[in-house]
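One letter stands for each residue in the lines below.
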Amino acid sequence: MGDDKTMDGGEAEPATARNRAESLWHLRPWLFAGLLGVAGLAIHLLLHHANDSGPRVAGAAFIAFACGAFVFTAERGRYLAPAIFSLVTGLIVGGLTWRAVGAGNDIADGGYAIAAGVFACLLAVPLFQADFLHRRMRTDYKDIHYFVWTDAITGAGALAFFLIAWLLIWLLASLFDLVGIPLRDLVQQDWFTATYAGLTLGAGLGTLRNQLKIIGTLQSVVLLVLSILALPLAVAIAVFLGAVVVSGPSVLWNATDSATPVLLSIAIGAYVLANAVLRDRDTDMVGGPVLKWSGYALVLGVLPLTVFAAISTGVRIDQHGLSPERLWAVCSLIVAVAFGLAYFVDALVGARGSWRDRLRASNLKLGLGTALFALFLALPVLNFGAISTSDQLARLKSGAISVEEFDFSALRWDFGEPGREALERLAKSDKVDVRVAAIEARDSESRYAVEDRPAGPAAVDYRFADPHLRDWVETQIEEQPWLCHLECVAIDLGAYGNDRRVALVSIQGVQQLSFGDDGVPDPPTAPERAIDPETQIGDADVEVREYRGRQIYVDGVPVGEPFE
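Residues numbered from 1 in each chain as written. Predicted model: local features only at pLDDT ≥ 70, side-chain atom pairs only at ≥ 80, totals over all residues. Heavy atoms only, no water.

Further remarks concern the overall build of the protein chain. A count of helical and extended segments in the protein chain gives 21 helices and nine strands. When each of the 564 residues of the protein chain is scored for burial, the buried share is 46%. Carbon together with sulfur atoms contributes 63% to the accessible area of the protein chain, which is approximately 28400 Å² in total. (Helix = DSSP H or I, 4+ residues; strand = E, 2+ residues; numbered from the N terminus. Buried < 20%, exposed > 50% of the residue type's maximum accessible area, 1.4 Å probe, protein only. Areas by Shrake-Rupley, 256 points an atom, 1.4 Å probe, with all protein chains shown as cover.)

Bringing the packing of aromatic side chains into the picture now. Enumeration according to the criterion identifies 19 aromatic pairs in this entry. Pairing Tyr112 with Trp328 gives two aromatic rings, centres 5.8 Å apart and planes at 15°, and the pair type is stacked. Here Tyr112, found in helix α5 (residues 110-129), pairs with Trp328, found in helix α15 (residues 324-349); they are 216 residues apart in sequence, far enough to count as distant. With relative accessibility at 36%, the residue Tyr112 sits in the partly exposed group. Taken together, Phe162, Trp166, Trp170, Trp191, Phe192 and Tyr196 form an aromatic cluster joined through their ring pairs. (Phe/Tyr/Trp six-rings, centres within 6.5 Å; stacked < 30°, edge-to-face > 60°.)

This brings us to the confidence of the model for the protein chain. For the protein chain, per-residue confidence averages 84 on the pLDDT scale, and residues scoring 70 or more make up 88% of the total. Under a pLDDT of 50 for its full length, residues 1-13 has, in the predicted model, 15 contacts with residues more than four places off or in other chains. Confidence over residues 452-457 falls short of pLDDT 50; this stretch has three contacts with residues more than four positions distant or in other chains. (pLDDT = per-residue confidence, 0-100. Contact = heavy atoms within 4.5 Å.)

Tallied over the full model, the rule gives 14 salt bridges. For Asp131, the salt bridge is made with Arg20, and the minimal N-O distance between the two is 3.1 Å. Taken as a pair, Asp131 in the loop between α5 and α6 (132-135) and Arg20 in helix α1 (residues 17-21) lie far apart in primary sequence, 111 residues in all. With respect to burial, Asp131 and Arg20 carry one shared label: buried. Measuring nitrogen to oxygen at the nearest pair gives 2.9 Å for the salt bridge that ties Arg500 to Asp492. By relative accessible area, which is 23% here, Arg500 ends up partly exposed. Through salt bridges with shared partners, one network takes in Arg20, Glu75, Arg78 and Asp131. (Salt bridge = Lys/Arg side-chain N within 4 Å of Asp/Glu carboxyl O.)

With that settled, consider helix α20 (residues 432-442). Counted residue by residue, α20 has ten buried out of eleven residues, so it is predominantly covered. What α20 keeps buried is the set Val432, Asp433, Val434, Arg435, Val436, Ala437, Ala438, Ile439, Glu440 and Ala441. Among the structural elements, α18 (408-413), α19 (416-426) and β6 (509-515) are those in contact with the buried residues of α20.

Relative to the helices and strands, Leu382 resides in the loop between α16 (355-378) and α17 (384-398). When its relative accessible area of 39% is taken as the criterion, Leu382 is described as partly exposed.

Quick look at the layout of surface pockets now. Its boundaries defined by the atoms lining it, the largest pocket holds a volume of some 1700 Å³. Taken together, 47 residues make up the lining of the largest pocket; nearest its centre are Phe119, Leu122, Leu123, Tyr271 and Thr370. Secondary structure elements with two or more residues in the lining of the largest pocket: α3 (54-73), α5, α7 (141-177), α13 (259-278), α14 (288-320), α15 and α16. Element by element, the count of residues in the lining of the largest pocket is highest for α5, at ten residues. (1 Å grid on protein atoms, 1.4 Å probe; cavity = no way out; pocket = protein on both sides within 12 Å on 5 of 7 lines; lining within 4 Å. Points joined across faces, edges and corners; volume = space filled by probe spheres on them.)

What follows is the structure, encoded as structure tokens:
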């Protein structure tokens, strides 16, 4: 077999995943350039004027990820298994994209689900390259580590080649302009850009993956450079944790609203640098005991960083309740704390020397578990919009948050279909302030239409002269500003028994206020029949007419129910 190696005894050594990947394949750059060039053109044609077409955007995502997975997994003489794996990868991401784009605002977390699916597929690529499907938990950690880093290096190298090639063709276009050859017109075409990007990325990736033996050496250099950063980061984390012990952890979330992303970013940095020191076997570790113990300190530091991040998120949830974004943050923290806990236990249990082997074994298990967890989250199993809506409504009902502070717009725009259904129910609430705010959010035309309304008291056009009655109405509106939406017209409806009544007319409809002789108000009525939001109430002809009793009219159109 061409891919087998000959051992000293003359027997053929079976091809491993690593030496299969390192085998020279002269057609690889040409095949990859052609495949990605056609893929780039197809993606452009699908996305051109696609707007919100779920099938077209999903088709583009399918092509991008299926072709992307194939160029990383295909090997000389081994095409079927990579093709099947790539098709499955494309179907997963394409299906998630179709669901997110096709559903629009009906689902609250379409973008997060796509990201989770992409993350799961990215984790699956080095596992597939290392023959995990055949070897399962017996997969050599050294192979997985090798493919993770060579994939990252070749991918970055292909991107750098594309940027250089793009700069080159623009320089050539400028050169040909001097002699009247209109190459610039071609370069500026979108279809050409997409095709050229695919060609150069494929050619660069194919060329680099033909040099994996050399890149394996470059990988060692990259890890060596990264491992040098382990010492200053370990010292910084130690100083940080010491300051937290002295000042108390509350200083973290009192100082900033972004404690969680900062802590998670440092934890990820500690994880990457610890593994740069760890390598894939002890014989490859360099830098002496200083770097080795710096890596050990980073391993211990991952857990407290992730725990503090989890506490910070818990504080925010306690303050503001659940939202789809916070639930996704919780899922991220579950993964981060799992890594931190596993690393902490491995470091303590193996403190006498076995911690490195324990960590390598944990990396395989944690990587597989994270990929499966991300795929589970990506699938439409958990409805984070419904969970968040239920939590927010419970907080409103219990009084944990006031009506004035409750984010009705989030139900309309951020929580998907469950949030809008809840908003419809709130729009029929017996509580006037809840009902008015819900109607306002429900009928808003943009996410920030309600939040951007002018601050301060609403403009009230008093169409009566009684100063005492006006004072009573002003006091009522000051105490319950939702009674008047931006601007409204106040009309004296006269006496009814011992009470004086006033109608407040706004685009939300008509509300009746009733006052006793001493000015003490009765509970206001619910708004009746919302008016066209385009109506300028202040300029409208608002009047009371006889209509089987009396009725409010706006520009000659009856509004609300007749009274008396």
